[in-house]
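# Secondary and tertiary structure notes
Next come the chains, spelled out residue by residue.
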Amino acid sequence: MSLLEALDQPHRWPQPSTIGDTACICWLLESATAAAFGVPVDELRAPSRRSADAAFARQSAMYLAHVTLGLSYSATGLLFHRDRTTAAHACRRVEDRRDDPTIDMLLQTLEDVCGELARGVLTQPQVRP
């Protein structure tokens, strides 16, 4: 699934009136990460661990939220419906795997893209109904 396909699912798009900017950005991080790792978004958002690929993609999304947005482990865990210790563990696991040049390049690309997405969402004027 490509990023465009992931974003083309209107039933999955969060409602801006019910969530904050940070949650919306995390939703975008999840979608971009799922597309980059070739994992269905539903697997990434599942309450259980699922496959190793889905778990690492989820950990990568949590890492991106922590690094790109500067969220604490507690805030990251909350947004991903996980505990703060799970978010900290996810960040350690991703950092350990960055020694692999392929994973490092993928994560660097995701950091760049997600950083741009975050800046775009946070700088857009708010439309009030």
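Residues numbered from 1 in each chain as written. Predicted model: local features only at pLDDT ≥ 70, side-chain atom pairs only at ≥ 80, totals over all residues. Heavy atoms only, no water.

## Topic: the overall build of the protein
As a reminder, the rule being used: Under the DSSP-based scheme used, a helix requires at least four consecutive residues in state H or I and a strand at least two consecutive residues in state E, with every element numbered from the N terminus. Should any heavy atoms of two residues lie within 4.5 Å, those residues are counted as being in contact. The accessible surface values rely on the Shrake-Rupley method and a 1.4 Å probe; as for residues, cover is taken only from the protein chains in view.
Scanning the protein from terminus to terminus reveals 7 helices and 0 strands. Sequence-distant contacts, at least 24 apart, represent 57% of the contacts inside the protein between residues at least 6 apart. Carbon and sulfur atoms provide 55% of the accessible area of the protein, an area that totals close to 7,500 Å².

## Here's the deal with the packing of helix H4 (residues 52-69) against helix H6 (residues 84-97)
As a reminder, the rule being used: Axis lines are fitted through C-alpha atoms, for helices just across the contact stretch, and the angle between N-to-C directions can take any value from 0 to 180 degrees. Here is the rule for angles: anything less than 35 degrees is roughly parallel, anything more than 145 is roughly antiparallel, 65 through 115 is roughly perpendicular, and the remaining ranges are oblique. Polar here means any residue other than Ala, Val, Leu, Ile, Met, Phe, Trp, Tyr, Cys and Pro, which are nonpolar, and Asp, Glu, Lys and Arg, which are charged; Gly is therefore polar.
Relative orientation of the contacting elements H4 and H6 amounts to 100°, with a least axis distance of 8 Å. For the element pair H4 / H6, the angle class is roughly perpendicular. For the pair H4 and H6, contact is made by Phe56, Gln59, Ser60, Met62, Tyr63 and His66 and by Thr86, Ala87, His89, Ala90, Cys91, Arg93, Val94, Glu95 and Arg97, respectively. Looking at the contact of H4 with H6 residue by residue, the class counts come to 7 nonpolar, 5 polar and 3 charged.

## Looking at the packing of aromatic side chains
Keep this limit in mind: Only the six-membered ring of Trp is used, alongside the rings of Phe and Tyr, when aromatic pairs are assigned; centres must lie within 6.5 Å, and planes under 30 degrees apart are stacked while those over 60 apart are edge-to-face, with the rest tilted. A ring has a charge above it when a Lys NZ or an Arg CZ is no more than 6 Å from the ring centre and no more than 35 degrees off the ring normal.
Throughout the structure, instances matching the rule amount to 1 aromatic pair. When the ring of phenylalanine 37 is compared with that of phenylalanine 56, the centres are 5.6 Å apart and the planes differ by 80°; the resulting orientation is edge-to-face. Of this pair, phenylalanine 37 sits in helix H2 (residues 21-37) while phenylalanine 56 is found in helix H4, placing the two residues 19 residues apart along the sequence. Sitting over the face of the ring of phenylalanine 56, arginine 97 holds its NZ or CZ atom 4.0 Å from the ring centroid.

## Considering unusual backbone geometry
Applied cut-off: For every residue, the accessible area obtained with a 1.4 Å probe (protein chains only) is divided by the maximum for its type, and the residue is called buried under 20%, exposed over 50%, and partly exposed between those limits.
One non-glycine residue, arginine 50, lies in positive phi territory at about 70°. Assignment of secondary structure puts arginine 50 in the loop between helix H3 (41-44) and H4. In the Ramachandran plot, histidine 81 falls in the positive-phi region, its phi being about 55° despite a non-glycine side chain. Locating histidine 81 in the fold gives a position in the loop between helix H5 (73-79) and H6. For histidine 81, a relative accessible area of 71% translates into the label exposed.

## Structural notes on the nonpolar core
Operational definition: Here the nonpolar core consists of buried residues drawn from Ala, Val, Leu, Ile, Met, Phe, Trp, Tyr and Cys, with membership extended through side-chain atoms lying within 4.5 Å.
Counting residues in hydrophobic clusters, the biggest one holds 21 residues, and the most contacted among them are Cys26, Leu29, Leu64, Ala65 and Phe80. Considering each element in turn, this core owes the most residues, 6 residues, to H4. Contact partners of leucine 29, with chain neighbours within four places excluded, come to Ala61, Leu64, Ala65, Leu69 and Cys114. With 6 residues, the next largest nonpolar core counts Val39, Val41, Leu44 and Ala54 among its residues.

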